[in-house]
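Each chain, written out:
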Amino acid sequence: MTAPFLVARNIGKRFGALTALANVDLEIRSGEVLALLGDNGAGKSTFIKILAGAHPPSDGELVIEGNPVSFHSPKDAAASGIATIFQELALSENLSIAENVFLGRELKRSIFGIPFLKRQEMRQRVDGLLKELDAHISDPEAPVGSLSGGQRQAVAICRALNLNARLVIMDEPTAALAVAETRKVLALTRRLAARGCAVVLISHNISEVFEVADRIVVFRRGRKVAERLAAETDHEEVVSLITGAHPDVRALEKTN
Amino acid sequence: MNAVRQLGNGVFSMNGREWSLLVACLLAIIIFSVASPHYATSGNAATVLRNSVELLLIGLGMTLLLAMGGIDVSIGIVMGLAAIAIGRVLGADGNPVLALVAGPVVGALLGCVTATVVVLGRVPAIVGTLGLLGVYRTAVFVLLGGQWLSGLPASLTNLLATTVLGVPVPALVIVAAYLAVWLALRRTPYGLHLLAIGNSEEKARLSGIPVIKIRFVTFVISGILTGVAATFYVATYRNVEMTIGSTLALDAIAAVILGGTSILGGKCSLIGTVLGVLLLRILQNGLLLIGVPSLWQPVVTGVLIIGVLGFEAISNRFPVVQLLRARA
């Protein structure tokens, strides 16, 4: 087995007197889809916000490829190759796909000292990425606002890839999507992993998770209560882990 | 050569909205020609074009501001202040070179003032520039001391009221300004960032765009264009009156909105602004010639703004829906 891309050791997060997260140990591997499951308030969101650099952890450390890192802002996390695709996508609806994918990091050439966009080259790069992701978009010049929810997810993923993301965090990417669109985004998630990216997926839909995830981690009341290989567990067990009905979880919560 | 052609691809291309504006201009010309015997003369055509010069320059800047989700209701009085500076320079020694520089420099400085209030001070653009409008109006009054600047030397006029290879200088300057603004908007990262900010400042920030810098620079660009407009104003009329520029902001906003630029930001049309300016000036001139007093001109402009925005609101049910759809 290859060394993990990111290791979280003993991560804890307190907001004043409230402990949102405690003693979380987790490994995230390249080429793997890791699903985070748990009820509302279980600590999933707090955990990914720590990964994304939006919150500093109160305890513990993050190690990327053997080097300890500490993020002070989402920019730091991005510089370490971590991209987060939030539910409310940060895309500009009035700009085209290529413009969105490169926004803030445009390719340009200087003519008389004025930076001009290399539109053709940006377009070619984006066409390549879309093809690689097998995302079919009939008119790449159309404004992103005219695309469907699933197509927008594809654009956000392209943007993450273009920023050389090594770990892509997807926060409920299918929550607002129709059935056919959901299938496409799940396929995209798999392809992202096949490309060598580490993927962390947050979802409430357990059958969806079984479709794409290699490993499943369950959070409950701010703790990681279980970790299973998707192939070695089933829907029923995962539900009992989330609700706390599972004997392992009961035993764990008794000792705490 | 190929690279130049690629760079300029689509510089004058028009969509449905813009073609209908062109048709509206032609229709207005036909109707006024029938209604007034004085209308369809080459002298009157020159007058309309002459009267469009300042508004075209200011309209280009206003297009950028609206596209960014900004606005500047003080822009007419900014032109007034720049015109006073030019007049003072001319009045002192008639040096046309200094006078040429004075307009853009004062425009840029006042653009910095506006940007400081609106961008750095985070005062909403409409309120911030409304406040500045009050301040500037009094400044114009105080600077002029209740008297017109009049009988200014003709040195600037001699410089700008000429032709180069048969083309009037104002036309050359306007084409150059149009091309520069168009290239900046459609071919550089600046334009992309401006439109992203107009769509959503928060998302633009998340995308790593230097929002403050882009917004600041845009107010300065608008100021410089207004300063150039002031230069043509002084060169043409050789005086600066107390009420200078008082309807210009209204006219500029009307022309830009008429041209298809979104009042909500994120979408704009430069060729639309040019056609919007021409339509506005054609209507104002034509109504005057068929006997409508010039007092009524702001009414026409105001009704046009309300009509265009009202029509867009009805076609989208409510502006709020449009806003939500744009930001969803």
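Residues numbered from 1 in each chain as written. Chains lettered and ligands numbered in written order. Predicted model: local features only at pLDDT ≥ 70, side-chain atom pairs only at ≥ 80, totals over all residues. Heavy atoms only, no water.

The name given to chain A in an unreviewed UniProt entry is ATP-binding cassette domain-containing protein, with the source organism recorded as Mesorhizobium qingshengii. Check the Sequence similarities (unreviewed entry) section of the UniProt entry for chain A; it says "Belongs to the ABC transporter superfamily." (UniProt positions renumbered as here; feature names shortened; annotations may be inferred.)

Enquirer: Would you mind going over the sheet that holds strand S5 (residues 67–69) of chain A in detail, with residue names and values included?
Expert: The strands making up a sheet associate through hydrogen bonds between their backbones, and the pairing can be parallel or antiparallel. All names here are of chain A. Pairing in this open sheet of four strands is antiparallel, and the strands run S2-S1-S4-S5 from one edge to the other. Only two strands of the sheet have a single partner each, and these edge strands are strand S2 (18–28) and S5. Between one strand axis and the next, the sheet turns by 30° as a mean value, whatever way the strands run. As defined by bridge partners, strand S1 (residues 6–15) adjoins S2 across seven bridges and the pair is classed as antiparallel. By the bridge assignment for S2, Ala8 is matched with Leu26. The strands that helix H1 (residues 44–51) touches are S1, S2 and strand S4 (59–64); relative to S2, the one it contacts most, it runs at about 60°. (Pairing = 2+ DSSP bridges. Helix = DSSP H or I, 4+ residues; strand = E, 2+ residues; numbered from the N terminus. Axes fitted to C-alpha atoms, helices over the stretch in contact; angles between N-to-C directions. Contact = heavy atoms within 4.5 Å.)

Enquirer: So, the pairing of strand S7 (residues 108–111) of chain A: which residues are in play, and what are the values?
Expert: Residues and elements named next belong to chain A. Bridge count for S7 against strand S8 (residues 114–117) is four bridges, and the pairing is antiparallel. Among the inter-strand pairings, Ile111 is bridged to a residue of S8, identified as Ile114. Counting the residues that bridge the hairpin from S7 to S8 gives two residues, and of these Phe112 lies at a positive phi of roughly 50°.

Enquirer: Quick one: what's the story with the interface of chain A and chain B, residue by residue and with numbers?
Expert: Counting residues at the interface gives 22 residues for chain A, matched by 20 residues for chain B. For the pairing of chain A and chain B, the buried interface totals around 1700 Å² over both sides, and the portion due to carbon and sulfur atoms is 57%. Sorting the residues of chain A by area buried against chain B places Glu93, Asn94 and Phe116 of chain A first, and these three jointly supply 28% of that buried surface. At the boundary of chain A and chain B, one finds one salt bridge. Glu93 of chain A is the salt-bridge partner of Lys203 of chain B, the closest N and O atoms lying 2.7 Å from each other. (Buried area = accessible area lost by both parts, 1.4 Å probe. Salt bridge = Lys/Arg side-chain N within 4 Å of Asp/Glu carboxyl O.)

Enquirer: How would you explain the sheet that holds strand S6 (residues 82–85) of chain A if you had to name every residue and give the values?
Expert: All names here are of chain A. Reading across from one edge, S6-S9-S10-S3-S11-S12 is the order of the six strands in this open sheet, with mixed pairing throughout. In this open sheet, the two strands that pair with only one neighbour each are S6 and strand S12 (223–229). Across the sheet, the mean angle from the axis of one strand to that of its neighbour is 20°, orientation sign disregarded. Judged from the five bridges that link them, strand S9 (residues 167–171) and strand S10 (residues 198–202) form a sheet pairing that is parallel. Opposite Val168, over in S10, you have Val199 as the bridge partner. Lying over the sheet, H1 contacts strand S3 (33–38), S6, S9, S10 and strand S11 (215–220), oriented at roughly 140° with respect to S3. Contacting S3, S9 and S10, helix H6 (residues 179–194) crosses the sheet at an angle of about 160° to S9.

Enquirer: An account of the side chain of Thr46 of chain A is requested, with residue identities and associated values reported.
Expert: Note that Thr46 of chain A resides in helix H1. Excluding residues that lie within four positions of it along the chain, Thr46 of chain A makes contacts with Lys13, Phe15, Ala20 and Leu21 of chain A.

Enquirer: How would you sum up a nonpolar patch on the surface? Please name residues and give values.
Expert: Together, Val97, Leu100, Val101, Val105, Leu109 and Leu159 of chain B make up an exposed nonpolar region whose accessible area comes to about 490 Å². If you tally residues by element for the nonpolar patch, the top one is helix H5 (residues 96–120) of chain B, at five residues. (Patch = residues over 30% accessible without salt bridge, like charges linked within 9 Å, V, L, I, M, F, W, Y side chains within 5 Å. Areas by Shrake-Rupley, 256 points an atom, 1.4 Å probe, with all protein chains shown as cover.)

Enquirer: Go over helix H14 (residues 297–315) of chain B with me, naming the residues and quoting the values.
Expert: Residues and elements named next belong to chain B. Given a rise of 1.5 Å per residue, 19 residues ought to cover 27 Å, and the 27 Å separating the end C-alpha atoms of H14 matches this to within 8%. Among the residues making up H14, those that are buried are Thr301, Gly302, Ile305, Val308 and Ala313. Viewed end-on, H14 has its buried residues packed into an arc of 135°, placing them on one side of the element. Along H14, the residues that are exposed and aim more than 90 degrees away from the buried face are Val303, Phe311 and Ile314. (Expected span 1.5 Å × (residues − 1). Buried < 20%, exposed > 50% of the residue type's maximum accessible area, 1.4 Å probe, protein only. Arc of directions from axis to C-beta.)

Enquirer: Describe unusual backbone geometry, with residues and values.
Expert: What you tend to see is this: most non-glycine residues have negative phi, and most peptide bonds are trans. One non-glycine residue with positive phi stands out, namely Phe112 of chain A, at about 50°. Following the sequence through the fold, Phe112 of chain A ends up in the loop between S7 and S8. Here the phi dihedral of Leu165 of chain B falls at roughly 55°; this positive angle occurs in a residue that is not glycine.

Enquirer: I'd like a description of the packing of aromatic side chains, backed by residues and values.
Expert: Each aromatic ring pair is described using two quantities: the centre-to-centre distance and the angle formed by the ring planes. Residues and elements named next belong to chain B. Tallied over the entire structure, the rule returns three aromatic pairs over all chains. A centroid spacing of 5.5 Å and a plane angle of 35° characterise the contact between Phe32 and Tyr39, whose relative ring orientation is tilted. For the pair shown, Phe32 and Tyr39 are each scored as buried. (Phe/Tyr/Trp six-rings, centres within 6.5 Å; stacked < 30°, edge-to-face > 60°.)

Enquirer: Quick one: what's the story with the nonpolar core, residue by residue and with numbers?
Expert: Counting 149 residues, the largest nonpolar core has Ile97, Met170, Leu192 and Ile216 of chain A together with Met62 of chain B as its most contacted members. In terms of residue count, helix H3 (residues 42–67) of chain B provides more of this core than any other element does, 12 residues in total. Filtering out sequence-adjacent residues up to four positions away, Ile216 of chain A remains in contact with Ala35, Leu37, Val209, Phe210, Ala226, Glu227, Arg228, Ala230, Thr233 and Val238 of chain A. The next biggest cluster of nonpolar side chains, apart from the first, holds 27 residues, and it includes Ile28, Leu34, Ile82 and Val217 of chain A. (Core = buried A, V, L, I, M, F, W, Y, C linked by side-chain atoms within 4.5 Å.)

Enquirer: A description of the environment of Glu54 of chain B should follow, citing residues and the corresponding values.
Expert: Residue and element names in this part refer to chain B. Turning to its location among the elements, Glu54 is positioned in helix H3. Exposure remark for Glu54: the relative accessible area of 5% places this residue in the buried category. C-alpha of Glu54 to C-alpha of Tyr233: the two residues are 179 residues apart in sequence and 6.9 Å apart in space. Apart from the residues within four sequence positions on either side, Glu54 is in contact with Met79, Ala229, Phe232 and Tyr233. Side-chain polar atoms of Glu54 contact the backbone nitrogen of Tyr233, separated by 3.3 Å. (Polar contact = N/O pair within 3.5 Å; in protein donor to acceptor, adjacent residues only side chain to side chain.)

Enquirer: Can you lay out the packing of helix H4 (residues 75–93) of chain B against helix H6 (residues 125–144) of chain B for me, pointing to particular residues and giving the numbers?
Expert: For any two helices packed against each other, one specifies the inter-axial angle together with the distance between the axes. All names here are of chain B. Where H4 meets H6, the closest approach of the two axes is 9 Å, and the angle between their N-to-C directions is 25°. In terms of their interaxial angle, H4 and H6 are classed as roughly parallel. Helix-helix and strand crossings are classified by hand; for H4 and H6 the assignment is left-handed. Together, Ile77, Val78, Leu81, Ile84 and Arg88 of H4 and Leu133, Tyr136, Arg137, Ala139, Val140, Leu143 and Leu144 of H6 make up the contact between the two elements. Each residue belonging to the contact of H4 with H6 can be placed in one class, and the counts come to 10 nonpolar, no polar and two charged. (Parallel < 35°, antiparallel > 145°, perpendicular 65-115°, else oblique. Left-handed = near helix turned anticlockwise from the far one by under 90°. Nonpolar A, V, L, I, M, F, W, Y, C, P; charged D, E, K, R; others polar.)

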